[in-house]
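Coordinates in review
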Amino acid sequence: MFGDDVFERLVARKHLTNEEADAVAQFHSLANAYKSPNNDDYDVEAILADHKWHEVVKAAQDAAQQLLRLLKTPEEKDALTLPLQWNELEKGGWKAEFPRSP
């Protein structure tokens, strides 16, 4: 998914703080290392039953909670907590937009 230095680059470019990078590091490490059962990424039932997948999901939930404490603007918090709004384009394809708070 991501190379080892992606967070260093994002921090250097001021797109991410060190604290934000630390908050998601364990999740990204587990997600990058995850291999679906029998290497079948389409076997949804096996993946959902896989205890290693449950570890990835738990790490994602923990990372999100840590990020919520670190984020400062409502827009950042909305981007983390609200689903993307998908719109079909006239010439085909889809475009995702960050939601706005109600």
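The structure this text deals with has already been given above.
Keep in mind that what you see is a predicted model, and the values were worked out from it rather than measured.

Here the focus is the overall build of the protein chain. Along its length, the protein chain carries five helices and two strands. Each helix and strand of the protein chain, placed in order from N terminus to C terminus, yields the pattern α-α-α-α-α-β-β. Here the C-alpha coordinates of the protein chain stretch approximately 40 × 40 × 25 Å along the principal axes. When burial is assessed residue by residue, the protein chain has 22% of its 102 residues classed as buried. Restricting to contacts in the protein chain with at least 6 residues of sequence separation, those with at least 24 account for 29%. Element-wise, carbon and sulfur atoms account for 53% of the exposed surface of the protein chain, whose accessible area totals about 8,200 Å². Taking the average place of the 12 positive charges on the side chains of the protein chain and the average place of its 19 negative ones, the gap between the two points comes to 7 Å.

This next bit is on the packing of helix 2 (residues 18-33) against helix 4 (residues 51-70). Running from N to C, helix 2 and helix 4 point in directions that differ by 170°, and their axes come no closer than 8 Å. What the angle tells us is that helix 2 and helix 4 run roughly antiparallel. Packed against helix 2, whose contacting residues are E19, E20, A23, V24, F27, L30 and A31, the element helix 4 presents E55, V56, A59, A60, A63, Q66, L67 and L70 at the interface. Here the residues of the contact of helix 2 with helix 4 sort into eleven nonpolar, one polar and three charged.

The next thing to look at is helix 2. Its 16 residues give helix 2 an end-to-end C-alpha distance of 22 Å, which sits within 8% of 22 Å, the value for a rise of 1.5 Å per residue. Bending of helix 2 peaks at approximately 40° at the position of A25. By the burial criterion, the buried members of helix 2 are E20, A21, A23, V24, F27, H28 and A31. Looking at the buried side of helix 2, the elements it contacts are helix 1 (6-12) and helix 4.

We now examine unusual backbone geometry. Here K14, not a glycine, exhibits a phi torsion of approximately 65°, which is positive. Position of K14 among the secondary structure elements: in the loop between helix 1 and helix 2. Phi is positive for N39, close to 55°, though the residue is something other than glycine. Take N39: it is sitting in the loop between helix 2 and helix 3 (44-49). Taking the relative accessible area as the measure of exposure, N39 reaches 63% and is therefore exposed.

Criteria and thresholds
Residues numbered from 1 in each chain as written. Predicted model: local features only at pLDDT ≥ 70, side-chain atom pairs only at ≥ 80, totals over all residues. Heavy atoms only, no water. Helix = DSSP H or I, 4+ residues; strand = E, 2+ residues; numbered from the N terminus. Buried < 20%, exposed > 50% of the residue type's maximum accessible area, 1.4 Å probe, protein only. Contact = heavy atoms within 4.5 Å. Areas by Shrake-Rupley, 256 points an atom, 1.4 Å probe, with all protein chains shown as cover. Lys, Arg positive; Asp, Glu negative; His and termini not counted. Charge placed at Lys NZ, Arg CZ, Asp CG, Glu CD. Axes fitted to C-alpha atoms, helices over the stretch in contact; angles between N-to-C directions. Parallel < 35°, antiparallel > 145°, perpendicular 65-115°, else oblique. Nonpolar A, V, L, I, M, F, W, Y, C, P; charged D, E, K, R; others polar. Expected span 1.5 Å × (residues − 1). Bend = angle between axes of the 7 residues up to and from the residue.

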